[in-house]
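Here is what each chain is made of, one letter per residue.
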Amino acid sequence: MMNNHALDGPCIRLDQAGVRVDSTQLVAPVSTQLESGQWHAILGPNGGGKSTLLKMLMGLMPHHGLVNIDWPQGEKGQIGYMPQMLPFDRSVPISVLDYVLMSVSTKPLWFARRLTPEVKVVMEKLRLSHMLNRKIGALSGGERQRLLLASALLQSPSLLVLDEPLSGLDQAGQKEILGLFSAFNKRGGTIVMVEHDWQVVIDYCHQAYWVEGELKAKGAPAEVLECFSPVLRKWSDNNRTVA
Ligand SMILES: Nc1ncnc2c1ncn2[C@@H]1O[C@H](COP(=O)(O)OP(=O)(O)OP(=O)(O)O)[C@@H](O)[C@H]1O
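What comes next concerns the included structure. Note that the structure is a prediction, hence the values are computed from the model and not measured.

In this section: the sheet that holds strand S2 (residues 24-34). Taken together, three strands build an open sheet; the order of strands is S2-S1-S4 and the sheet is antiparallel. With partners counted over all chains shown, the strands left at the sheet margins are S2 and strand S4 (64-70), one partner each. Within this sheet the neighbouring strands show an average axis-to-axis angle of 15 degrees, counted without direction. Packed on one face of the sheet, helix H1 (residues 50-58) meets strand S1 (11-21), S2 and S4 and runs near 120 degrees to S1.

Let us look at the site of the ligand. Neighbouring the ligand are 14 residues; Gly-47, Gly-49, Lys-50, Ser-51 and Thr-52 lie closest to it. Residue Gln-84 places a side-chain N or O atom 3.2 Å away from an oxygen atom belonging to the ligand. Taking His-196, its side chain carries an N or O atom lying 3.5 Å from an oxygen atom of the ligand. Against a free-state accessible area of 640 Å², the protein chains account for coverage of 59% of the ligand. Looking at the shell around the ligand, the element that brings in the most residues is H1, giving three residues.

The next point concerns the environment of Leu-160. Mapped onto the elements of the fold, Leu-160 is located in strand S6 (residues 159-163). Sequence spacing of Leu-160 and Glu-214 is 54 residues, and the spatial spacing of their C-alpha atoms is 22 Å.

Another aspect to go through is the sheet that holds strand S7 (residues 190-194). A sheet is described by the order of its strands in space; here six strands give the open sequence S5-S6-S7-S3-S8-S9, paired in mixed fashion. In the strand order of this sheet, the two ends are held by strand S5 (79-82) and strand S9 (215-219), each with one partner. Neighbouring strand axes in the sheet, compared pairwise and without regard to direction, differ in orientation by 15 degrees on average. Direction of pairing for S5 relative to S6: parallel, over a ladder of four bridges.

Definitions and limits used
Residues numbered from 1 in each chain as written. Predicted model: local features only at pLDDT ≥ 70, side-chain atom pairs only at ≥ 80, totals over all residues. Heavy atoms only, no water. Pairing = 2+ DSSP bridges. Helix = DSSP H or I, 4+ residues; strand = E, 2+ residues; numbered from the N terminus. Axes fitted to C-alpha atoms, helices over the stretch in contact; angles between N-to-C directions. Contact = heavy atoms within 4.5 Å. Near = heavy atom within 4 Å. Polar contact = N/O pair within 3.5 Å; in protein donor to acceptor, adjacent residues only side chain to side chain. Areas by Shrake-Rupley, 256 points an atom, 1.4 Å probe, with all protein chains shown as cover.

Here you go:
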(Lines give C-alpha, C1' and ligand atoms only; values in the text may rest on other atoms or scores of the structure.)
Protein backbone atom coordinates (compact mmCIF):
# COMPACT_ATOMS: atom_id res chain seq x y z
CA MET A 1 0.00 0.00 0.00
CA MET A 2 2.86 2.29 0.69
CA ASN A 3 4.39 1.92 -2.77
CA ASN A 4 2.82 1.69 -6.18
CA HIS A 5 3.37 -1.86 -7.38
CA ALA A 6 0.29 -3.70 -8.63
CA LEU A 7 -1.46 -6.17 -6.35
CA ASP A 8 -3.25 -9.38 -7.20
CA GLY A 9 -6.09 -9.40 -4.71
CA PRO A 10 -7.71 -12.79 -4.15
CA CYS A 11 -11.31 -13.85 -4.70
CA ILE A 12 -13.13 -15.46 -1.76
CA ARG A 13 -15.55 -18.31 -2.37
CA LEU A 14 -18.01 -19.47 0.27
CA ASP A 15 -19.87 -22.71 -0.15
CA GLN A 16 -22.50 -23.35 2.52
CA ALA A 17 -20.11 -21.71 4.99
CA GLY A 18 -21.53 -20.83 8.39
CA VAL A 19 -20.73 -20.56 12.09
CA ARG A 20 -22.45 -22.40 14.88
CA VAL A 21 -21.50 -22.13 18.55
CA ASP A 22 -22.99 -24.94 20.63
CA SER A 23 -26.55 -25.11 19.38
CA THR A 24 -26.74 -21.46 18.23
CA GLN A 25 -26.31 -20.70 14.56
CA LEU A 26 -24.54 -17.30 14.46
CA VAL A 27 -24.25 -17.18 10.68
CA ALA A 28 -26.47 -19.50 8.60
CA PRO A 29 -24.78 -21.28 5.68
CA VAL A 30 -23.73 -18.80 3.00
CA SER A 31 -22.83 -19.57 -0.61
CA THR A 32 -21.42 -16.64 -2.53
CA GLN A 33 -18.31 -15.22 -4.13
CA LEU A 34 -16.44 -12.04 -3.23
CA GLU A 35 -14.71 -11.01 -6.45
CA SER A 36 -11.03 -10.22 -6.58
CA GLY A 37 -9.88 -6.61 -6.61
CA GLN A 38 -13.23 -5.31 -5.39
CA TRP A 39 -14.16 -3.38 -2.25
CA HIS A 40 -16.86 -5.36 -0.41
CA ALA A 41 -19.00 -3.87 2.35
CA ILE A 42 -20.56 -6.07 5.03
CA LEU A 43 -23.65 -4.38 6.45
CA GLY A 44 -26.36 -5.29 8.91
CA PRO A 45 -27.85 -4.60 12.33
CA ASN A 46 -25.92 -4.89 15.62
CA GLY A 47 -25.48 -8.52 16.53
CA GLY A 48 -26.30 -9.58 12.95
CA GLY A 49 -23.12 -11.63 12.61
CA LYS A 50 -20.85 -9.29 10.62
CA SER A 51 -17.76 -9.68 12.82
CA THR A 52 -18.41 -13.41 13.04
CA LEU A 53 -18.46 -13.58 9.24
CA LEU A 54 -15.10 -11.76 9.04
CA LYS A 55 -13.60 -14.10 11.66
CA MET A 56 -14.86 -17.03 9.62
CA LEU A 57 -13.10 -15.64 6.51
CA MET A 58 -9.93 -15.22 8.53
CA GLY A 59 -10.10 -18.75 9.93
CA LEU A 60 -10.36 -17.30 13.44
CA MET A 61 -13.61 -19.09 14.22
CA PRO A 62 -14.45 -22.74 13.52
CA HIS A 63 -16.95 -22.96 10.69
CA HIS A 64 -18.80 -25.54 8.70
CA GLY A 65 -18.95 -25.59 4.91
CA LEU A 66 -16.13 -24.27 2.72
CA VAL A 67 -14.23 -20.97 2.76
CA ASN A 68 -11.76 -20.76 -0.11
CA ILE A 69 -9.45 -17.85 -0.67
CA ASP A 70 -8.34 -18.13 -4.29
CA TRP A 71 -4.95 -16.48 -4.54
CA PRO A 72 -4.05 -15.52 -8.13
CA GLN A 73 -1.36 -17.73 -9.71
CA GLY A 74 -1.86 -20.17 -6.85
CA GLU A 75 0.61 -18.30 -4.66
CA LYS A 76 -0.57 -17.76 -1.12
CA GLY A 77 -0.65 -14.04 -0.33
CA GLN A 78 -0.91 -12.10 2.88
CA ILE A 79 -4.00 -10.86 4.69
CA GLY A 80 -4.06 -7.65 6.68
CA TYR A 81 -6.70 -7.84 9.41
CA MET A 82 -7.96 -4.90 11.41
CA PRO A 83 -10.11 -6.20 14.28
CA GLN A 84 -12.96 -4.17 15.69
CA MET A 85 -11.07 -3.34 18.85
CA LEU A 86 -7.46 -3.49 19.81
CA PRO A 87 -7.39 -6.53 22.06
CA PHE A 88 -5.23 -5.29 24.90
CA ASP A 89 -5.31 -4.35 28.54
CA ARG A 90 -4.73 -0.59 28.89
CA SER A 91 -2.43 -1.14 31.84
CA VAL A 92 -0.04 -3.44 29.94
CA PRO A 93 3.21 -1.51 29.44
CA ILE A 94 3.58 -2.02 25.68
CA SER A 95 4.74 0.86 23.52
CA VAL A 96 3.63 1.70 19.99
CA LEU A 97 7.04 0.54 18.75
CA ASP A 98 6.75 -2.78 20.64
CA TYR A 99 3.30 -3.35 19.17
CA VAL A 100 4.31 -2.87 15.53
CA LEU A 101 7.50 -4.88 15.96
CA MET A 102 5.49 -7.72 17.49
CA SER A 103 3.12 -7.66 14.54
CA VAL A 104 5.91 -8.03 11.95
CA SER A 105 8.27 -10.41 13.71
CA THR A 106 7.95 -13.90 15.06
CA LYS A 107 11.09 -13.40 17.13
CA PRO A 108 11.06 -12.10 20.70
CA LEU A 109 11.20 -8.31 20.88
CA TRP A 110 14.67 -8.14 22.38
CA PHE A 111 16.11 -9.87 19.28
CA ALA A 112 15.52 -7.01 16.91
CA ARG A 113 14.22 -3.89 18.53
CA ARG A 114 14.94 -1.96 15.35
CA LEU A 115 12.84 -0.10 12.89
CA THR A 116 13.31 -1.41 9.38
CA PRO A 117 12.95 1.11 6.52
CA GLU A 118 9.61 -0.48 5.61
CA VAL A 119 8.21 -0.05 9.12
CA LYS A 120 9.50 3.54 9.17
CA VAL A 121 7.66 4.42 5.97
CA VAL A 122 4.37 2.96 7.20
CA MET A 123 4.67 4.68 10.59
CA GLU A 124 5.39 8.00 8.94
CA LYS A 125 2.52 7.64 6.50
CA LEU A 126 0.14 6.93 9.40
CA ARG A 127 1.55 9.78 11.48
CA LEU A 128 2.73 7.48 14.25
CA SER A 129 6.48 8.15 14.03
CA HIS A 130 6.50 10.74 16.79
CA MET A 131 4.75 8.49 19.29
CA LEU A 132 6.78 5.30 19.05
CA ASN A 133 7.60 5.31 22.75
CA ARG A 134 4.09 6.10 23.91
CA LYS A 135 2.23 3.31 25.73
CA ILE A 136 -0.61 1.92 23.63
CA GLY A 137 -2.99 2.35 26.59
CA ALA A 138 -2.47 6.11 26.33
CA LEU A 139 -3.45 6.42 22.67
CA SER A 140 -6.61 8.18 21.56
CA GLY A 141 -9.25 6.26 19.60
CA GLY A 142 -7.99 7.62 16.29
CA GLU A 143 -4.34 6.90 17.09
CA ARG A 144 -5.29 3.36 18.07
CA GLN A 145 -7.09 2.83 14.75
CA ARG A 146 -4.01 4.09 12.89
CA LEU A 147 -1.81 1.69 14.86
CA LEU A 148 -4.09 -1.25 13.99
CA LEU A 149 -3.98 -0.22 10.35
CA ALA A 150 -0.18 0.05 10.45
CA SER A 151 0.03 -3.53 11.76
CA ALA A 152 -2.33 -4.73 9.04
CA LEU A 153 -0.38 -2.95 6.29
CA LEU A 154 2.96 -4.24 7.47
CA GLN A 155 1.89 -7.76 6.47
CA SER A 156 2.24 -6.57 2.80
CA PRO A 157 -1.30 -7.74 2.17
CA SER A 158 -3.20 -8.19 -1.05
CA LEU A 159 -6.40 -8.74 0.98
CA LEU A 160 -7.53 -6.35 3.71
CA VAL A 161 -10.19 -7.53 6.16
CA LEU A 162 -11.44 -4.53 8.14
CA ASP A 163 -13.90 -4.52 11.02
CA GLU A 164 -15.32 -0.99 11.41
CA PRO A 165 -11.96 0.61 10.61
CA LEU A 166 -13.32 4.17 10.82
CA SER A 167 -14.69 3.98 14.34
CA GLY A 168 -13.20 6.56 16.68
CA LEU A 169 -11.99 8.75 13.81
CA ASP A 170 -13.10 12.29 13.08
CA GLN A 171 -14.03 13.27 9.52
CA ALA A 172 -10.50 14.26 8.55
CA GLY A 173 -9.10 11.01 10.00
CA GLN A 174 -11.75 9.00 8.16
CA LYS A 175 -10.94 10.68 4.86
CA GLU A 176 -7.26 10.05 5.32
CA ILE A 177 -7.72 6.34 6.04
CA LEU A 178 -10.28 5.92 3.26
CA GLY A 179 -7.69 7.45 0.90
CA LEU A 180 -5.19 4.75 1.91
CA PHE A 181 -7.76 1.99 1.39
CA SER A 182 -8.71 3.49 -1.96
CA ALA A 183 -5.09 3.50 -3.13
CA PHE A 184 -4.75 -0.16 -2.04
CA ASN A 185 -7.93 -1.10 -3.91
CA LYS A 186 -6.94 0.84 -7.06
CA ARG A 187 -3.70 -1.15 -7.16
CA GLY A 188 -5.75 -4.35 -7.27
CA GLY A 189 -6.07 -5.28 -3.58
CA THR A 190 -9.32 -6.88 -2.38
CA ILE A 191 -11.06 -5.30 0.63
CA VAL A 192 -13.76 -6.79 2.87
CA MET A 193 -14.99 -4.16 5.32
CA VAL A 194 -17.70 -4.03 7.98
CA GLU A 195 -19.06 -0.50 7.93
CA HIS A 196 -22.10 1.23 9.43
CA ASP A 197 -21.82 4.54 7.59
CA TRP A 198 -23.97 4.07 4.50
CA GLN A 199 -22.57 7.16 2.81
CA VAL A 200 -19.06 5.71 2.98
CA VAL A 201 -20.36 2.44 1.56
CA ILE A 202 -22.11 4.17 -1.32
CA ASP A 203 -19.14 6.41 -2.08
CA TYR A 204 -16.39 3.79 -1.94
CA CYS A 205 -17.61 0.19 -2.13
CA HIS A 206 -18.45 -1.96 -5.16
CA GLN A 207 -20.56 -4.68 -3.55
CA ALA A 208 -22.67 -4.75 -0.41
CA TYR A 209 -23.83 -7.73 1.64
CA TRP A 210 -26.62 -7.47 4.21
CA VAL A 211 -25.96 -9.93 7.05
CA GLU A 212 -28.67 -10.53 9.59
CA GLY A 213 -28.10 -14.02 10.95
CA GLU A 214 -27.77 -15.04 7.30
CA LEU A 215 -26.84 -13.37 4.03
CA LYS A 216 -30.09 -11.58 3.25
CA ALA A 217 -28.97 -9.62 0.19
CA LYS A 218 -26.01 -8.92 -2.05
CA GLY A 219 -25.78 -6.26 -4.71
CA ALA A 220 -24.86 -2.69 -5.56
CA PRO A 221 -24.48 -0.69 -2.32
CA ALA A 222 -27.26 1.82 -3.06
CA GLU A 223 -29.75 -0.97 -3.84
CA VAL A 224 -28.95 -3.10 -0.81
CA LEU A 225 -29.05 -0.08 1.49
CA GLU A 226 -32.30 1.17 0.06
CA CYS A 227 -33.93 -2.18 0.81
CA PHE A 228 -32.53 -2.66 4.30
CA SER A 229 -31.36 0.54 5.91
CA PRO A 230 -34.18 2.25 7.87
CA VAL A 231 -32.45 5.61 7.34
CA LEU A 232 -32.27 5.29 3.59
CA ARG A 233 -35.69 3.72 3.39
CA LYS A 234 -37.22 6.68 5.24
CA TRP A 235 -35.32 9.07 2.99
CA SER A 236 -36.52 7.45 -0.21
CA ASP A 237 -40.09 7.02 1.13
CA ASN A 238 -40.18 10.75 1.92
CA ASN A 239 -38.87 11.55 -1.51
CA ARG A 240 -41.52 9.39 -3.09
CA THR A 241 -44.23 11.17 -1.04
CA VAL A 242 -42.95 14.56 -2.17
CA ALA A 243 -42.84 13.40 -5.76
N1 LIG B 1 -17.87 -16.85 20.40
C2 LIG B 1 -19.17 -16.62 20.50
N3 LIG B 1 -19.96 -17.46 21.20
C4 LIG B 1 -21.30 -17.24 21.29
N5 LIG B 1 -21.93 -16.22 20.73
C6 LIG B 1 -21.20 -15.34 20.03
C7 LIG B 1 -19.77 -15.49 19.88
N8 LIG B 1 -19.33 -14.47 19.11
C9 LIG B 1 -20.40 -13.72 18.82
N10 LIG B 1 -21.51 -14.23 19.36
C11 LIG B 1 -22.89 -13.71 19.21
O12 LIG B 1 -23.19 -13.77 17.83
C13 LIG B 1 -23.99 -12.66 17.44
C14 LIG B 1 -23.30 -11.93 16.30
O15 LIG B 1 -22.15 -11.25 16.80
P16 LIG B 1 -21.23 -10.35 15.88
O17 LIG B 1 -20.20 -9.73 16.76
O18 LIG B 1 -20.78 -11.15 14.74
O19 LIG B 1 -22.28 -9.25 15.38
P20 LIG B 1 -22.03 -7.92 14.57
O21 LIG B 1 -22.99 -7.93 13.43
O22 LIG B 1 -20.59 -7.77 14.24
O23 LIG B 1 -22.49 -6.82 15.64
P24 LIG B 1 -22.04 -5.30 15.91
O25 LIG B 1 -22.58 -4.48 14.77
O26 LIG B 1 -22.76 -4.99 17.19
O27 LIG B 1 -20.54 -5.26 16.03
C28 LIG B 1 -24.17 -11.81 18.69
O29 LIG B 1 -25.41 -12.11 19.24
C30 LIG B 1 -23.04 -12.25 19.59
O31 LIG B 1 -23.37 -12.10 20.94
